[in-house]
Amino acid sequence: NGCTTTNNVTITVEPEPGISFTGGTSRSICETDMDELIQANITGNYNTLNWEVVPAGAGTLNILPSGTEVEFTPSATGIAAGSAIVRLTVTNTCNVALPPQDVNITIDRQSIADAGTDLQVCGDSSITLDGTASQFATSYSWSVPSGITGTLSPANTATPVYTPSASDIADAST
């Protein structure tokens, strides 16, 4: 019949938002750290952000007014597990949730130093100190008090040997 009509439609293709985290996607904190700042850098347009802690109960989040920053504080559950994940899920402008982006957090236990019981040494005899009852220690660093000139060897172990100097022995007898 020869009748035709045309119509135009405009298609706008929105790129997916890009997501990165200031400080990267892996970090270590101490169990006593509160309000660990996690900042998402999002390029492109998006509709919503959803922050969560995985597993639930491993810590708490304080979402800051920007929405792209949160403060993480570990809970007793997260501390006992030694880790938590802060997860961000972004929905694009078509309301489709993108794959979640994670920040893996290792929660290190606070060391508890225990230098052992008081000891007595006679004369110039050496004595072994014992810090093995310390909890969650990953390294050791012993030092002598001011005015003591004896040696600790090696000073970077749990059980260094203290050897008094002649000055230490002379000072102890007065």
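Note that the structure is a prediction, hence the values are computed from the model and not measured.

Notes on the overall build of the protein chain
Okay, step 1: Across its full length, the protein chain carries two helices and 11 strands.
Okay, step 2: Secondary structure of the protein chain in N-to-C order comes out as β-β-β-β-β-β-α-β-β-β-β-β-α.
Okay, step 3: Within the protein chain, the fraction of its 174 residues that count as buried is 28%.

Concerning the sheet that holds strand E1 (residues 18–22)
Okay, step 1: Reading across the sheet, the four strands line up as E1-E3-E6-E5 and stay open at both edges, with antiparallel pairing between neighbours. A single partner strand is all that each edge strand has here, and the edge strands are E1 and strand E5 (59–63). Direction aside, the axes of adjacent strands within the sheet are offset by 25 degrees on average.
Okay, step 2: Two strands pair when backbone bridges link them, and strand E3 (residues 36–43) and strand E6 (residues 69–74) are joined in this way by four bridges, in the antiparallel orientation. Across the sheet, the residue bridging to Glu36 is Phe72, located in E6.

Some words on the side chain of Asp168
Okay, step 1: Tracing the backbone shows Asp168 in helix H2 (residues 166–172).
Okay, step 2: No salt bridge forms around the buried Asp168; measuring N to O, its nearest opposite-charge neighbour Arg109 is 35 Å away.
Okay, step 3: Here the side chain of Asp168 touches Thr149 through a polar contact of 2.9 Å, landing on its backbone nitrogen.
Okay, step 4: Here the side chain of Asp168 touches Tyr162 through a polar contact of 2.7 Å, side chain to side chain.
Okay, step 5: Every residue in contact with Asp168, bar those within four places of it in the chain, is listed here: Gly147, Ile148, Thr149, Gly150 and Tyr162.

Points about the pairing of E5
Okay, step 1: Where E5 and E6 come together, five bridges link them in antiparallel fashion. Across the sheet, the residue bridging to Ile63 is Val70, located in E6.
Okay, step 2: Connecting the antiparallel pair E5 and E6 is a turn made up of five residues, with Gly67 showing a positive phi of about 85 degrees.

Topic: the nonpolar core
Okay, step 1: Core analysis: the largest hydrophobic core is formed by 19 residues, its most contacted members being Ile38, Trp51, Phe72, Val86 and Ile105.
Okay, step 2: In terms of residues, this core owes the most to one element, strand E7 (residues 83–91), which gives four residues.
Okay, step 3: Contacts of Trp51, omitting those with residues within four sequence positions, involve Phe21, Ile38, Ala40, Leu61, Ile63, Gly67, Thr68, Glu69, Val70, Val86, Arg87 and Leu88.

Cut-offs and rules
- Residues numbered from 1 in each chain as written.
- Predicted model: local features only at pLDDT ≥ 70, side-chain atom pairs only at ≥ 80, totals over all residues.
- Heavy atoms only, no water.
- Helix = DSSP H or I, 4+ residues; strand = E, 2+ residues; numbered from the N terminus.
- Buried < 20%, exposed > 50% of the residue type's maximum accessible area, 1.4 Å probe, protein only.
- Pairing = 2+ DSSP bridges.
- Axes fitted to C-alpha atoms, helices over the stretch in contact; angles between N-to-C directions.
- Lys, Arg positive; Asp, Glu negative; His and termini not counted.
- Salt bridge = Lys/Arg side-chain N within 4 Å of Asp/Glu carboxyl O.
- Polar contact = N/O pair within 3.5 Å; in protein donor to acceptor, adjacent residues only side chain to side chain.
- Contact = heavy atoms within 4.5 Å.
- Core = buried A, V, L, I, M, F, W, Y, C linked by side-chain atoms within 4.5 Å.

Interpretation note: all reported values are geometric properties and have no functional meaning in isolation.
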